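One letter stands for each residue in the lines below.
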Amino acid sequence: MTELSNKKQVSINYIEFQVNDIGRSKDFYQSLGWTFTDFGAEYCEFDSGSIKGGFAQSNDVHSSGGTLVILYSNHLEGSLQRVKDAGAFISQDIFNFPGGRRFHFKDLDGYELAIWSE
């Protein structure tokens, strides 16, 4: 058996969302300060400033259940207002939890995400 210190760490490197409309998703997440690189009409890479990922065009989006992606913000109330203004559904308003405060929202494809702050 190899010692743990000799093993390479596996970490999340990239997140990919299947979306109905890449342009609409870009408009929504641009309100959070994300930037984009297009790779044709059916794929777009995003950069949130701390992790990269992609939007893949799909006519078969399944957004319910699964993993909760949690974003970080230095200004929680401002982020809440930005996602509201961009058309998100707020599924859970700001609440306290051990370590900070956060809220949950559903983006335009129905994916539930959260934003937290200390």
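Quick note: structure is the one above.
So, here's what we can say about the structure. (Residues numbered from 1 in each chain as written. Predicted model: local features only at pLDDT ≥ 70, side-chain atom pairs only at ≥ 80, totals over all residues. Heavy atoms only, no water.)

### Let's talk about the overall build of the chain
Stage number 1. A count of helices and strands for the chain gives 2 helices and 8 strands.
Stage number 2. Helices and strands in the chain line up, N terminus first, as β-α-β-β-β-β-α-β-β-β.
Stage number 3. C-alpha extents for the chain along the principal axes are approximately 50 × 40 × 25 Å.
Stage number 4. A total of 118 residues make up the chain; the buried ones form 36% of that total.
Stage number 5. Contacts in the chain between residues far apart in sequence, at least 24 positions, make up 51% of those at least 6 positions apart.
Stage number 6. Accessible area for the chain stands at about 7,600 Å²; split by element, carbon and sulfur atoms hold 47% of it.
Stage number 7. For the chain, the distance from the average position of its 10 positive side-chain charges to the average position of its 16 negative side-chain charges is 5 Å. (Helix = DSSP H or I, 4+ residues; strand = E, 2+ residues; numbered from the N terminus. Buried < 20%, exposed > 50% of the residue type's maximum accessible area, 1.4 Å probe, protein only. Contact = heavy atoms within 4.5 Å. Areas by Shrake-Rupley, 256 points an atom, 1.4 Å probe, with all protein chains shown as cover. Lys, Arg positive; Asp, Glu negative; His and termini not counted. Charge placed at Lys NZ, Arg CZ, Asp CG, Glu CD.)

### Digging into the sheet that holds strand 6 (residues 89–97)
Stage number 1. Taken in spatial order, the 4 strands line up as 5-8-7-6 in an open sheet, and their pairing is mixed. Whereas interior strands pair on both sides, the edge strands pair on one side only; in this sheet they are strand 5 (69–72) and strand 6. Adjacent strand axes in the sheet meet at a mean angle of 20°, parallel and antiparallel pairs treated alike.
Stage number 2. Examined bridge by bridge, strand 6 and strand 7 (residues 100–106) share 6 bridges and lie antiparallel to one another. Bridging across to strand 7, Phe95 finds its partner in Arg102.
Stage number 3. Sheet strands touched by helix 2 (residues 76–85): strand 6, strand 7 and strand 8 (112–117). Its angle to strand 7, the strand with the most contacts, is close to 5°. (Pairing = 2+ DSSP bridges. Axes fitted to C-alpha atoms, helices over the stretch in contact; angles between N-to-C directions.)

### A look at the pattern of salt bridges
Stage number 1. Enumeration according to the criterion identifies 3 salt bridges in this entry.
Stage number 2. Here Glu77 and Arg101 are joined by a salt bridge, their closest N and O atoms 2.6 Å apart. Taken as a pair, Glu77 in helix 2 and Arg101 in strand 7 lie far apart in primary sequence, 24 residues in all. (Salt bridge = Lys/Arg side-chain N within 4 Å of Asp/Glu carboxyl O.)

### Let's talk about the pairing of strand 4 (residues 52–57)
Stage number 1. With 6 bridges joining them, strand 1 (residues 14–19) and strand 4 adopt parallel strand pairing. By the bridge assignment, Tyr14 is partnered in strand 4 with Lys52.
Stage number 2. Pairing of strand 3 (residues 43–47) with strand 4, which is carried by 5 bridges, proceeds in the antiparallel orientation. Counterpart to Cys44 in the pairing with strand 4 is Phe55.
Stage number 3. If you look at the hairpin formed by strand 3 and strand 4, you'll find 4 residues sitting between the two strands, and Gly49 has a positive phi there, around 100°.

### Points about helix 1 (residues 22–30)
Stage number 1. Burial in helix 1 covers these residues: Ile22, Ser25, Lys26, Phe28 and Tyr29. Buried residues of helix 1, seen end-on, are gathered within an arc of 165° and therefore sit on one face of the element. Exposed residues on helix 1 whose side chains face more than 90 degrees from its buried face are Asp27 and Gln30. (Arc of directions from axis to C-beta.)

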